[in-house]
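Structural overview for review
Listed below are the residues making up each chain.
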Number of protein chains: 4
Amino acid sequence: MTYNVAILGASGYTGAELVRIIATHPSLRVAALSADRKAGMEMSDVYPHLRHLDLPQLCTIEEIDFEQIDLAFAALPHGLSQALVRDLPKTVKVVDLGADFRLRDPKKYEFWYGAEHVAPELQKEAVYGLTEFYRDDIKNARLVAGTGCNAATVQFALRPLIAGGLIDLDDIICDLKNGLSGAGRSVKENMLFTERATNVEGYAQGGKHRHLGEFDQEFSAIAGRPVEIMFTPHLVPASRGILASCYVKGDAAAIHAALEAQYKDEPFIVVLPFGKAPGMGHVAGSNFCHIGVVGDRKTGRALVVSTLDNLNKGSSGQAVQNANLMLGLPETEGLMLSPVFP
Amino acid sequence: MTYNVAILGASGYTGAELVRIIATHPSLRVAALSADRKAGMEMSDVYPHLRHLDLPQLCTIEEIDFEQIDLAFAALPHGLSQALVRDLPKTVKVVDLGADFRLRDPKKYEFWYGAEHVAPELQKEAVYGLTEFYRDDIKNARLVAGTGCNAATVQFALRPLIAGGLIDLDDIICDLKNGLSGAGRSVKENMLFTERATNVEGYAQGGKHRHLGEFDQEFSAIAGRPVEIMFTPHLVPASRGILASCYVKGDAAAIHAALEAQYKDEPFIVVLPFGKAPGMGHVAGSNFCHIGVVGDRKTGRALVVSTLDNLNKGSSGQAVQNANLMLGLPETEGLMLSPVFP
Amino acid sequence: MTYNVAILGASGYTGAELVRIIATHPSLRVAALSADRKAGMEMSDVYPHLRHLDLPQLCTIEEIDFEQIDLAFAALPHGLSQALVRDLPKTVKVVDLGADFRLRDPKKYEFWYGAEHVAPELQKEAVYGLTEFYRDDIKNARLVAGTGCNAATVQFALRPLIAGGLIDLDDIICDLKNGLSGAGRSVKENMLFTERATNVEGYAQGGKHRHLGEFDQEFSAIAGRPVEIMFTPHLVPASRGILASCYVKGDAAAIHAALEAQYKDEPFIVVLPFGKAPGMGHVAGSNFCHIGVVGDRKTGRALVVSTLDNLNKGSSGQAVQNANLMLGLPETEGLMLSPVFP
Amino acid sequence: MTYNVAILGASGYTGAELVRIIATHPSLRVAALSADRKAGMEMSDVYPHLRHLDLPQLCTIEEIDFEQIDLAFAALPHGLSQALVRDLPKTVKVVDLGADFRLRDPKKYEFWYGAEHVAPELQKEAVYGLTEFYRDDIKNARLVAGTGCNAATVQFALRPLIAGGLIDLDDIICDLKNGLSGAGRSVKENMLFTERATNVEGYAQGGKHRHLGEFDQEFSAIAGRPVEIMFTPHLVPASRGILASCYVKGDAAAIHAALEAQYKDEPFIVVLPFGKAPGMGHVAGSNFCHIGVVGDRKTGRALVVSTLDNLNKGSSGQAVQNANLMLGLPETEGLMLSPVFP
């Protein structure tokens, strides 16, 4: 059976990545592509790399007949999904790739995003989309909130350690190296090639990055007590990928064992042999996440490194994985594309 | 039905790309991977991006039981395929990705490669692997000689123009921009990141590049008279892709029409609307080739631009496309992966 | 003696490059920096790499007391220099880095720039700023029009060949590879890191690029007859540099000899040994231009390759070289900085 | 007065950077360039970006007449300087850019470098070359041991904090992002453009990097007790630069104040306003180091970010700065070149 999907916000990078993935997905069909400001254009004019595909023209959201749509991917700027999802027919399943439904607490949403949530009842309904940890809920969900890309990367490294009581909860430092597609396709001076090509630079340091809302929510829930990590993303001259270096206090061998146990049957999470750390370029273009653990010369300290493709496993690949579950399809369907290297 | 394939020379980039493509190919199965100097290693240690796959260990060619192999891909350094292919059981079909069987004339081989050919009878048997132009011969071939990556890029642009008598045969200038994976994974000072990251530099200028042997052979055969083009590749700071800017004398509109007519039913060749030229980044990771034509302010001059991924359509993707034909499979099977952008 | 200079349009890349060069120039002093939209800001906030310098605050042009200024560099968007320069006190020498005074013929200006020139009398007065060929006029000029960066690169390769009657004037093809700083710091979607990092793509093909106005003017004047070249720039993933591959019909050895003779005493033009072609990365950050000549296997064809840093020798370095002449300083003063590699 | 210098190991990147810097240094003259395996070649063939300079031919060390040399820069692979420096005439001052004399304790040297030191008496004599902290000793030294490039970057951030008792000495985590020229010009598979262009990857994690020997020596000496930091370098796709993100426990404002006080008169160390962190691209090609401090939402935690150009301030620039002091020249002479951006 083929399911009709709509991609709302198809002109952004995560929208294009959804199209790319779905193009070879045996059970999904792109039935509608919306992009308000580019409505009327062909997708091939917006993304020439998709020129070989037979795709519907870009349209406005209003032009979509949602009665024909089984599932909608909302790849919209933060804040725009709330009212939209609220007003969709309830027959349409939704995977939201933005931040609107990640935080369950309206107050926390307001704190991190600076605006009141307009659909707080949906905040409660939405299931957090970190597939490997919310799989059963996602299967039965109508609305799934895709995670932040940084949030996914770090959680894959740390959730089993926090759950297992293996690390000091007050001393978790996560230093991230981020490919630039995380900033999307919107034009900003600091995202020009010339500004970034030979530059590495942190941003939102000191506890200002919004993905901290997700970390606080998830890690505190697992630990049963407040957990606040230090988290610093750094822009690096690459288009795709996040590599998180997580410095923790705990026994490195026990940490590695816990990660291996947690992920041994997971199709998309690869735990490297003890002592090896992954490279960001080895997951690009795929739905895989590679994790490694290295012990330090200082006893009781470990480095846990996690890497994934922000546009894929960190966003659009995760979204398709969740959609597969929501539609009763095999979880891995259409997602076994290998990383592209070099 | 599933066919067993062997990849000989799996430790190079084209070998790894073959593994990547075949991993999601429904009818091919990697049954053996050879890499003489790395025999005994796991492919995941040589190429961490393939770590999620269940692959045979790297072995020597001698260790392969070719009775179990339906088709072998030979991704070996130039010169090593000749004796090897000669000595394989005749039941094994072969796609050679190297240069050993591209030239049909032993003298031309010796001129361009500086050594006598050791299997001249196979030179005659081998079919030139430019699928879109040798399709019928490839279907019945036991040995197919994959084209040079530059040779493929330029031929897609020029063959229909030469065949159609649309351009001046004495004034063809092809200026190429080449991603660095074309040099393979062998370690050379001039291929270090630091040497190339901010550098653009031509090489083998003036008529010294070996792919000229292919151009001369093919273009002269089509034209029925000697044709020699000017051809200059330039290294650019990118890993994948070739973009060929071909300057020709002829009517731009007629040229565009001829290309559209030639490729209108081809699944992998995309001709852009008249006046548009393609970008190299829009075919990376895929088996697609994009071609565009722009007329010049000088009457009777045109620019024909062709671009493809040297590791894929220029080598390993082409090889799988040919293998599909040789095995009686649908030509596009396993090859419809979209380009990865950004 | 120290001369006070003003940099008008200091917030663009050529403005910043002027500041960088002048910072170690023994006879020039940055007395004023204008940037209308950023007036009131510190240069170090706009360009952190200049934070170590003691510079005047950015101001509006109106705030500059031109009585204190010996020479002004106008690094403004095209079109803004005309009225500005017209209204400056005649005691101020001007080097314009934009396009406003490059073309001497008002009709040609209107053709290429789509607007009537508002100061045609200055068009006549302005000296074309290709130092190595207009040195004597520049020494006595009040207004010098800096060349286009592409225009400089190609002219260094071709002027002596046209002047010497060494090449066929009807068959000149110039294929350029362009670093992205040529597009300036203005924010455009197609200049994002993600759009360009793995992409090579031509633009303004077919005779649409405005620098053709300069080529036509200069080459026709040298030849004494109309000369129109084919000229195609290509964006490559690098920040600085232009590499021009010029395909000409003529005797390669004679061409090389002519270039060597022309430039043997030039401090900034380096002609490589015959048969060698330069790399773009080997002139970055400097005022040097490297030129090489390679003969082709086709008799009577040659490739002339010229490369320079578009922000430096192609713009701000050239501007300082001209300013040195206009102020009676040694031509090379402050400009002998070596290229930065790797 | 002009001093004659020899550069031993001129074919490596730090050797070439020394030549670049000295080319515009008013008081130093390159009198000899050695490169054993490339002896007899011209520097311009090894480094085309230096083609405009009039340099001595590359020679063997034995061919140098050290009686004519005032100061030698030894830019040799680790291990090769010891015997060499021991056997030089004592009239020659030496700045060693390698690791041979950085550690004062022969046992520590043996531990980190895996071989007995052959000139332990020189280990004692050598002055550690972190100019800003060993200035007086350097002025009177005959032999100065240039610091590791990572070691310099991190020490500029942390020395004043350790000296001031401002941070917890048991919880210092330094996560570094490293440009690839730090690996030198030696050919290794993992330094190919294709391996690194879209990749970020740590190395020598867990306390294995040799620069830890310097950190341990210096930080323990300042603190008067053993100090061991966690230190992880990561390769990023850039040629030049190191950006160190140092996570410490202490009061951010006090930390910033201490850094400002320490460096307020230093010509090459720039402390950014509180709350701002520097970018690696803004120091490239220069002898400057930028430092910033950001406080965290978690009270008592701070991020101190330090960045410099590994080839310049981290190696060859530092070497010239030390040479200036050793020769009685102004410390900043020849070193005020601004960073190159973009």
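Residues numbered from 1 in each chain as written. Chains lettered and ligands numbered in written order. Predicted model: local features only at pLDDT ≥ 70, side-chain atom pairs only at ≥ 80, totals over all residues. Heavy atoms only, no water.

Under the convention used in this document: UniProt positions are given in the numbering used here, feature names are shortened, and annotations may be inferred rather than shown by experiment.
If you check an unreviewed UniProt entry, chain A appears there as N-acetyl-gamma-glutamyl-phosphate reductase from Marivivens niveibacter. Of chain A, the UniProt comment under Subcellular location (unreviewed entry) reads exactly: "Cytoplasm".

**With respect to the interface of chain D and chain A**
Which entries qualify depends on this criterion: We call two residues in contact when some of their heavy atoms are within 4.5 Å. The quantity reported as buried area is the accessible area (1.4 Å probe) lost by two parts once they are put together, taken as the sum for both. Each reported salt bridge corresponds to a side-chain nitrogen of Lys or Arg within 4 Å of a carboxyl oxygen of Asp or Glu. Identification of polar contacts relies on pairs of N or O atoms within 3.5 Å, with a donor-acceptor requirement for protein atoms, meaning one able to donate a hydrogen and the other able to accept it, and with residues adjacent in sequence counted only if both atoms are side-chain atoms. By definition, any uninterrupted DSSP run of H or I lasting at least four residues is a helix, any uninterrupted run of E lasting at least two residues is a strand, and each is numbered from the N terminus. Residue polarity follows a fixed list, in which Ala, Val, Leu, Ile, Met, Phe, Trp, Tyr, Cys and Pro are nonpolar, Asp, Glu, Lys and Arg are charged, and the others, Gly among them, are polar.
At the junction of the two partners, chain D supplies 47 residues and chain A supplies 47 residues. Summed over both partners, the interface of chain D with chain A comes to about 4100 Å²; 53% of that surface belongs to carbon and sulfur atoms. Interface area lost by chain D to chain A is led by Met230(D), Tyr247(D) and Arg297(D), which between them contribute 19%. Note that Lys177(A) is salt-bridged to Asp175(D), the shortest N-O span being 2.8 Å. On inspection of chain D and its partner chain A, the count reaches 29 residue pairs in polar contact (both at pLDDT 80 or more). Contributing elements (two or more residues each) for the side of chain D that touches chain A: β8 (173-178), α8 (193-196), α9 (211-223), β10 (230-235), β11 (242-249), β13 (289-295) and β14 (301-308) of chain D. Taken together, the residues of the side of chain D that touches chain A sort by class into 20 nonpolar, 13 polar and 14 charged.

**Here's the deal with the sheet that holds β11(D)**
Residues and elements named next belong to chain D. Rule in force here: Here, strands pair whenever DSSP counts at least two bridges between them.
Spatially, β9-β10-β8-β11-β14-β13-β12 is the arrangement adopted by the seven strands of the open sheet, whose pairing is mixed. Because the sheet does not close on itself, it has two edges, and the strands there are β9 (201-202) and β12 (269-271). The pairing of β13 with β14 spans seven bridges and is antiparallel. From the neighbouring strand, histidine 290 faces β14, where its bridge partner is threonine 307.

**Some details on the relation of the copies chain D and chain A**
The following threshold applies: Copies are brought into register by a least-squares superposition over C-alpha atoms of residues with pLDDT of at least 70 in both.
Superposition of chain D onto chain A requires a rotation of 180° combined with a translation of 0.0 Å along the rotation axis, giving an RMSD of 0.0 Å. Both copies of the chain, as the preceding transformation shows, are related through a two-fold rotation axis. The rotation axis passes nearest to the C-alpha of Pro237(D) in chain D, at a distance of 3.0 Å. Mapped onto chain A, 100% of the interface residues of chain D again fall at the interface, so both copies present the same surface.

**Thoughts on the UniProt feature "active site" (unreviewed entry) in chain A**
All names here are of chain A. For clarity, the cut-off: Using a 1.4 Å probe on the protein chains alone, a residue whose accessible area is under 20% of its type maximum counts as buried, one over 50% counts as exposed, and one in between counts as partly exposed.
UniProt records the feature "active site" (unreviewed entry) for Cys149 in the present numbering. With respect to the secondary-structure elements, cysteine 149 resides in helix α7 (residues 149-163). With relative accessibility at 16%, the residue cysteine 149 sits in the buried group.

**Describing the packing of aromatic side chains**
Our working rule: Geometry of aromatic contacts follows a simple scheme: Phe, Tyr and Trp rings, the Trp one being its six-membered ring, pair when their centres are within 6.5 Å, and the pair is stacked under 30 degrees between planes, edge-to-face over 60, tilted otherwise. The criterion is that NZ of a Lys, or CZ of an Arg, lies within 6 Å of the ring centre and within 35 degrees of the ring normal, and then a charge sits over that ring.
Within the structure shown, the criterion is met by 42 aromatic pairs over all chains. Among the aromatic residues, those joined into a cluster by ring pairs are Tyr13(A), Tyr47(A) and Phe341(B). The cationic tip of Arg159(D) hangs over the ring face of Phe133(D); the distance from NZ or CZ to the ring centre is 4.8 Å.

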